[in-house]
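Residues per chain, in single letters:
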Amino acid sequence: MPTDPELHSHFRTLEETHLHPETRSSPEALGALLAEDFIELGSSGRVYDRKAVLEALSGGDPFRWTIEDFAVRLLAPGVALTTYRLSVGSVGTDVRTTLRSSVWVQRGGRWVMIFHQGTPVAAKDAVES
């Protein structure tokens, strides 16, 4: 098992990878990050499974994003929870902020996302510990 700083860095990289336009426009790239039984509770309130997420992929307009308050918690051997605040915007649009959480599981020697949720919040709301 990697040390805490290595684990933190590894999961931050995985979360950032799934935000990159190259990943979000490629069923193969995004599919490699998602477990077969993946479920997402979207910030819209809709529920998506892996198939729906992959079918909805598009190149879309590039957007800027920042991650703050990133944390990793090991829930059990081979199970990790990541939480963070994501702010997203594109040229000429307002920044939208959501609280994000993902559950990652180790399968076949690699980490895959099994669950993801986005909850909209006001940009200045504080995260309480």
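**So, the overall build of the protein chain**
When helices and strands are counted, the protein chain shows four helices and six strands. Written out in order from the N terminus, the α and β elements of the protein chain read α-α-α-β-β-α-β-β-β-β. Looking at the protein chain as a whole, 35% of its 129 residues qualify as buried. About 7,700 Å² of surface is accessible on the protein chain, with carbon and sulfur atoms providing 53% of the total.

**A closer look at the pattern of salt bridges**
Tallied over the full model, the rule gives five salt bridges. Two residues, R107 and D37, come together in a salt bridge whose shortest N-O distance is 2.8 Å. Of this pair, R107 sits in strand β5 (residues 96-107) while D37 sits in strand β1 (residues 34-41); the two residues are 70 residues apart in sequence, bridging distant segments of the chain. Close ionic contact of E55 with K51 constitutes a salt bridge, the shortest N to O distance being 3.8 Å. Of this pair, E55 and K51 both sit in helix α4 (residues 50-55), four residues apart, roughly one helical turn. Here E55 falls in the exposed class, since its relative accessible area comes to 58%. The exposure class of K51 is exposed, given its relative accessible area of 55%.

**Here we look at the confidence of the model for the protein chain**
With 87% of its residues at a pLDDT of 70 or more, the protein chain has an overall mean of 87. Averaged pLDDT values over the elements of the protein chain bottom out at 85 in helix α2 (residues 21-24) and peak at 97 in β1.

**Quick notes on the pairing of strand β6 (residues 110-121)**
Alignment of β1 against β6, held across four bridges, turns out to be parallel. Looking at β6, one finds that E40 is bridged to H116. Across 11 bridges, β5 lies against β6 in antiparallel orientation. Its bridge partner lying in β6, V105 is registered against V112.

**Examining the pairing of strand β4 (residues 79-89)**
With eight of its 11 residues buried, β4 lies for the most part within the structure. Where strand β3 (residues 64-76) and β4 come together, 10 bridges link them in antiparallel fashion. Residue pairing across strands places I67 opposite L86, the latter belonging to β4. Judged from the 10 bridges that link them, β4 and β5 form a sheet pairing that is antiparallel.

Each value, and the rule that gives it
In this numbering scheme, every chain counts its residues from 1 along its sequence in written order. Per-residue local features of the predicted model are confined to residues with pLDDT of at least 70, and side-chain atom pairs are confined, for both listing and counting, to 80 or more; whole-chain, interface and lining totals are unaffected and use all residues. Side-chain figures throughout are based on the complete set of non-hydrogen atoms in the structure, without hydrogens or water. Counting from the N terminus, the helices are DSSP H or I runs at least four residues long and the strands are E runs at least two residues long. The rule is simple: take the accessible area with a 1.4 Å probe, protein chains only, and divide by the maximum for that residue type; under 20% is buried, over 50% is exposed, in between is partly exposed. Surface accessibility follows the Shrake-Rupley procedure with a 1.4 Å probe radius. Residue values consider only the protein chains on display as shielding. Think of a salt bridge as a Lys or Arg side-chain nitrogen and an Asp or Glu carboxyl oxygen that are within 4 Å of each other. pLDDT is a residue-level measure of predictor confidence that goes from 0 to 100. DSSP bridges decide pairing: two strands pair if at least two such bridges lie between them.

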